[in-house]
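A structural walkthrough
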Amino acid sequence: MSDRARVILTVTLNAALDVTYVVDALRPGTTHRVRSVAERAGGKGVNTARVLTHLGEETLALGLAGGAAGAALRADLDASGIPHRFAPVAGQTRRTLAVVSREHAGEHAGEHAGGRRGEVTGLWEPGPVVTDEEWQAFVRDCFTPALDRASAVVLSGSLPPGVPGDAYTQLVRLAAEAGVPALVDADGPALRAALTAAPALVKPNAEEARRALGAATAAPELPAGLPAALVAAGARAAVVSAGADGLTACWNGERLRLAPPRAVSGNPTGAGDAASAALALALARDTPPAEALADAVALSAAAVAAPLAGDFDPDLYAELTALLRTELELPPCPSSR
């Protein structure tokens, strides 16, 4: 890469306007008084861009947006100081609703609108139907030009209806042609297709990894075996998240496993997106895998303790980073192709 500024791209093809309701206690089948409402731009890649911005890194959020919710999404990104380039679509950007029950808050649940956060119930709308012309315009006018200044790209989240099933495959290959490493955080068929393009890194959770690998590959039962299976399927490196049990990885021929040194209570919605931010930085900086995994575990745990997806608790992040020690485990995994 030349002397161009380091910019990490995030791609959110199924972006969302995230709406968070806080209630005292969630009781199905009853009426609730909402104590506070928060609305902000969301989707996995947007959350990752927000974390990177909070870390002081230069980032550019890319994606598709349409309708009133899409306009609100762009306005929030402007207000948050997150550079963005979202291609217009005729359909309506989806909304996601998170209902947070304060009665289940824990020690590190944080504060939001005067009350502690706790257990979260999510309701996700489907995304807009995207035409082939809209998809091609995104690739041509948003994604490809942005690669010129990119040091890494994060491709994350679901694909809205109409976007081709091999969308991430196409984007990984375009990034590779430009010399930009790509991280893919996706599920099922979208991740399975992306593996054929040999992405620099994939970061699913355990269930997403199993769905991508499918029964035909005899996906391992335990999360510890999944990263090597993803590398064997085509990824150059793989990190698999297992919630509070931390991350396992197969990276540069090493098997690694790391968990937070203590439990952190709160809203886990954006934890994986924070981990993607840390891992994208590692790709951009060519950070050693063990150090990258420690940073990802610390940042994702600190995100659990923050009020909303895309935020993190900086004090907890610093504390956990100091505490974490990565141990090499198990025999070396197969080298990536």
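You'll find the structure just up there.
Report follows, based on the coordinates. (Residues numbered from 1 in each chain as written. Predicted model: local features only at pLDDT ≥ 70, side-chain atom pairs only at ≥ 80, totals over all residues. Heavy atoms only, no water.)

**Topic: the overall build of the protein**
Along its length, the protein carries 10 helices and 16 strands. Here the contacts in the protein between residues at least 6 apart in sequence split such that 68% fall between residues at least 24 apart. (Helix = DSSP H or I, 4+ residues; strand = E, 2+ residues; numbered from the N terminus. Contact = heavy atoms within 4.5 Å.)

**So, the packing of helix 3 (residues 132-146) against helix 4 (residues 167-177)**
Following both chains from N to C, one finds helix 3 and helix 4 inclined at 30°, their axes separated by 12 Å at the closest point. As judged from the angle between their axes, helix 3 and helix 4 are roughly parallel. For the crossing formed where helix 3 meets helix 4, the hand is right-handed. Residues W135, F138, V139, F143 and T144 of helix 3 form the contact with helix 4, whose own contacting residues are A167, Q170, L171, L174 and A175. The class makeup of the residues in the contact of helix 3 with helix 4 is eight nonpolar, two polar and no charged. (Axes fitted to C-alpha atoms, helices over the stretch in contact; angles between N-to-C directions. Parallel < 35°, antiparallel > 145°, perpendicular 65-115°, else oblique. Left-handed = near helix turned anticlockwise from the far one by under 90°. Nonpolar A, V, L, I, M, F, W, Y, C, P; charged D, E, K, R; others polar.)

**Looking at a nonpolar patch on the surface**
Together, Y21, V34 and V37 line one region of the surface with nonpolar side chains, adding up to about 240 Å² of accessible area. Position of V34 among the secondary structure elements: in the loop between strand 2 (16-23) and strand 3 (36-42). Classification of V34 as partly exposed rests on a relative accessible area of 37%. (Patch = residues over 30% accessible without salt bridge, like charges linked within 9 Å, V, L, I, M, F, W, Y side chains within 5 Å. Areas by Shrake-Rupley, 256 points an atom, 1.4 Å probe, with all protein chains shown as cover. Salt bridge = Lys/Arg side-chain N within 4 Å of Asp/Glu carboxyl O. Buried < 20%, exposed > 50% of the residue type's maximum accessible area, 1.4 Å probe, protein only.)

**Examining the pairing of strand 2**
Counting buried residues along strand 2, seven of its eight residues qualify, which places the element largely inside the surrounding structure. Pairing analysis gives seven bridges linking strand 2 to strand 3, with the strands arranged antiparallel. From the neighbouring strand, Y21 faces strand 3, where its bridge partner is V37. Pairing of strand 2 with strand 6 (residues 94-101), which is carried by eight bridges, proceeds in the parallel orientation. Across the sheet, residue V23 finds its bridge partner in strand 6, namely S101. (Pairing = 2+ DSSP bridges.)

**Here we look at the sheet that holds strand 6**
Taken in spatial order, the four strands make up an open sheet running 3-2-6-9, and their pairing is mixed. Because the sheet does not close on itself, it has two edges, and the strands there are strand 3 and strand 9 (119-124). Ignoring which end each strand starts from, the neighbouring axes of this sheet average 20° apart. Sitting on the sheet, helix 2 (residues 67-80) is in contact with strand 2, strand 3 and strand 6, with an inclination near 85° to strand 3.

**A short note on the nonpolar core**
Counting 48 residues, the largest nonpolar core has F138 and L155 as its most contacted members. When residues of this core are assigned to their parent elements, the largest contribution, six residues, is made by helix 3. The contacts of F138, once residues within four sequence positions are left out, are V11, L13, L62, G63, L64, A87, F143 and L171. (Core = buried A, V, L, I, M, F, W, Y, C linked by side-chain atoms within 4.5 Å.)

**Regarding unusual backbone geometry**
Of note, A198 is a non-glycine position whose phi angle comes to about 55°, a positive value. Within the secondary structure layout, A198 lies in the loop between helix 5 (188-195) and strand 12 (201-202). One non-glycine residue, N252, lies in the positive phi region at around 55°. Counting through the fold element by element, N252 comes out in the loop between strand 14 (247-251) and strand 15 (254-258). Note on N252: relative accessible area 62%, which makes it exposed.

**Focus: the pairing of strand 13 (residues 238-241)**
Burial along strand 13 is two-sided: the face carrying A238 and V240 and the face carrying V239 and S241 are both buried. Pairing of strand 13 with strand 14 involves four bridges; the strand directions are antiparallel. Bridging from a neighbouring strand, V239 pairs with A249 of strand 14. Remark: five residues form the turn of the hairpin made by strand 13 and strand 14, two consecutive strands paired antiparallel; G243 in that turn has positive phi of roughly 60°.

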